[in-house]
Amino acid sequence: MTDKLGVVVVAAGRGSRMRTQESKQYLLLDGKPILVHTLELFDRLEAVSDIVLVTGTDDVERCRGYIETYRLRKVKRVIPGGKERQDSVYQGLLALDGEVRWVMVHDGVRPFAAREHIAACLDKAIETEAAVLAVPVKDTIKIVDGEGLIQATPDRRSLWAIQTPQAFRFSLLRDAHERAREEGFVGTDDAMLVERLGVRVAVVEADYYNIKITTPEDLPWAEWIIRHVRGERES
Ligand SMILES: Nc1ccn([C@@H]2O[C@H](COP(=O)(O)OP(=O)(O)OP(=O)(O)O)[C@@H](O)[C@H]2O)c(=O)n1
Ligand SMILES: C[C@](O)(CO)[C@H](O)COP(=O)(O)O
């Protein structure tokens, strides 16, 4: 790939569902902050030229320190995020190198995306303009109304749990964010904003290890993954 590829890693959330004093992205996993594990994933990918890290306003300095401590060569900027995840991604897009033509957006608290899946997501985006990693859901999903009564049971064969990274042509994602901002729309992932433009987003099957560390029971699972899965992948 000759076009420049940028990555926006968003880590400006509070992690309220984790219920720890320290925001979850800074909790240690195998002696290193979760966020650093995530940054290392992308820093080591040859195709990536520019990483922007988006953090909480009070965490910018500590995260700049990570660049030297952990020798993160491609993290070019650390900037403060916004109120919603979507605002943080938008700030990241604005801060990317102007020559970037493709972009991947990734959650700072998803440290276990497999290299082969990241590459497959990018390849698919280059082919189709927009692609996301995902896994088929394992449970039966119900739509439940405000009174706790089941309204519908969607066909599970069409349900996928969406992950990151999500990869896009840079100009497409920037336009999608600008349109959403103009229209006051807030989505829970970036693909939603692109879908609103009428563009089809491709789904690339990943694995169930690419968890978003969100609630306390994810932590022992993350420790297990780092011991039993990650080492194997890197060898
Ligand atoms: N205003 C925000 C909110 C979220 N994020 C980031 O988006 C990713 C996915 O969000 P989530 O897991 O929901 O993180 P939090 O918002 O921190 O968690 P919670 O909703 O439990 O507070 C995280 O890496 C988080 O730091 C962000 O950059 N800016
Ligand atoms: C982008 C995402 O990780 C895809 O699953 C997810 O939507 C983030 O959602 P959250 O509300 O920030 O947990």
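The protein appears in an unreviewed UniProt entry as 2-C-methyl-D-erythritol 4-phosphate cytidylyltransferase from Paenibacillus ehimensis. The UniProt entry for the protein carries this comment under Pathway (unreviewed entry): "Isoprenoid biosynthesis; isopentenyl diphosphate biosynthesis via DXP pathway; isopentenyl diphosphate from 1-deoxy-D-xylulose 5-phosphate: step 2/6." Word for word, the UniProt comment on the protein under Function (unreviewed entry) is "Catalyzes the formation of 4-diphosphocytidyl-2-C-methyl-D-erythritol from CTP and 2-C-methyl-D-erythritol 4-phosphate (MEP)."

J.: Tell me about the confidence of the model for the protein, residues and numbers included.
T.: Residues of the protein with pLDDT of at least 70 account for 100%, and the chain-wide mean is 97. Across the interfaces of the predicted complex, the ipTM metric reaches 0.98, alongside a pTM of 0.97.

J.: Give me the lowdown on the UniProt feature "site: Transition state stabilizer" (unreviewed entry) in the protein, citing residues and values where you can.
T.: Mapped onto this numbering, the UniProt entry gives "site: Transition state stabilizer" (unreviewed entry) at R17 and K24. Lining the largest pocket, from the set of annotated residues above, are R17 and K24. With respect to the helices and strands, R17 occurs in the loop between β1 (4-11) and β2 (28-29). If we skip the residues at most four places from it in the chain, R17 touches K212, T214, T215 and P216. Examined against the element boundaries, K24 turns out to sit in the loop between β1 and β2. Filtering out sequence-adjacent residues up to four positions away, K24 remains in contact with G15, M18, I34, V109, I213 and T214.

J.: Outline the pattern of salt bridges, supporting the account with residue identities and numerical values.
T.: Evaluation of the coordinates by the stated rule reveals 21 salt bridges. In this structure, K32 and E40 form a salt bridge, with 2.9 Å as the shortest nitrogen-oxygen distance. Residue class for E40 comes out buried when judged on its relative accessible area of 8%. Among the ionic pairs, R157 bridges to D155, the shortest N-O distance being 2.8 Å.

J.: How would you summarise the packing of helix α3 (residues 85-95) against helix α5 (residues 170-183) if you had to cite specific residues and measurements?
T.: As a packed pair, α3 and α5 sit with axes 11 Å apart at the nearest point and diverge in direction by 135 degrees. Classified by the interaxial angle, the pair formed by α3 and α5 is oblique. The crossing of α3 and α5 is left-handed. Touching Q86, D87, V89, Y90 and L93 of α3 are F170, L173, R174, H177, E178, A180 and R181, all from α5. Looking at the contact of α3 with α5, its residues break down into 6 nonpolar, 2 polar and 4 charged.

J.: Can you tell me about the site of ligand 1, naming the residues and giving the values?
T.: Around ligand 1 lies a shell of 19 residues, among which G15, S16, R17, K24 and S88 are the nearest. Taking K83, its main chain carries an N or O atom lying 2.8 Å from a nitrogen atom of ligand 1. When the free accessible area of ligand 1 is taken as 560 Å², the share hidden by the protein chains comes to 88%. Its atoms largely coinciding with the cavity grid, ligand 1 occupies the largest pocket. Of all elements in the fold, only β1 and α3 reach the threshold of two or more residues within the shell around ligand 1. Residue classes in the shell around ligand 1 are distributed as 4 nonpolar, 7 polar and 8 charged.

J.: Please give an account of the site of ligand 2 that cites residues and values.
T.: Every residue lining ligand 2 is accounted for by R17, R85, D107, R110, I162, T164, T188, D189 and K212. Take R17: an N or O atom from its side chain is 3.0 Å from an oxygen atom of ligand 2. At 2.9 Å from an oxygen atom of ligand 2 is found a side-chain nitrogen or oxygen belonging to R110. Considering ligand 2 on its own, with 360 Å² of exposed area, one finds that the protein chains cover 74% of that surface. Because more than half of its atoms lie within 2 Å of the grid, ligand 2 is assigned to the largest pocket. For the shell around ligand 2, the residue count by class is 1 nonpolar, 2 polar and 6 charged.

What counts as what
- Residues numbered from 1 in each chain as written.
- Chains lettered and ligands numbered in written order.
- Predicted model: local features only at pLDDT ≥ 70, side-chain atom pairs only at ≥ 80, totals over all residues.
- Heavy atoms only, no water.
- UniProt positions renumbered as here; feature names shortened; annotations may be inferred.
- pLDDT = per-residue confidence, 0-100.
- 1 Å grid on protein atoms, 1.4 Å probe; cavity = no way out; pocket = protein on both sides within 12 Å on 5 of 7 lines; lining within 4 Å.
- Helix = DSSP H or I, 4+ residues; strand = E, 2+ residues; numbered from the N terminus.
- Contact = heavy atoms within 4.5 Å.
- Salt bridge = Lys/Arg side-chain N within 4 Å of Asp/Glu carboxyl O.
- Buried < 20%, exposed > 50% of the residue type's maximum accessible area, 1.4 Å probe, protein only.
- Axes fitted to C-alpha atoms, helices over the stretch in contact; angles between N-to-C directions.
- Parallel < 35°, antiparallel > 145°, perpendicular 65-115°, else oblique.
- Left-handed = near helix turned anticlockwise from the far one by under 90°.
- Nonpolar A, V, L, I, M, F, W, Y, C, P; charged D, E, K, R; others polar.
- Near = heavy atom within 4 Å.
- Polar contact = N/O pair within 3.5 Å; in protein donor to acceptor, adjacent residues only side chain to side chain.
- Areas by Shrake-Rupley, 256 points an atom, 1.4 Å probe, with all protein chains shown as cover.
- Sits in = over half its atoms within 2 Å of the grid points.

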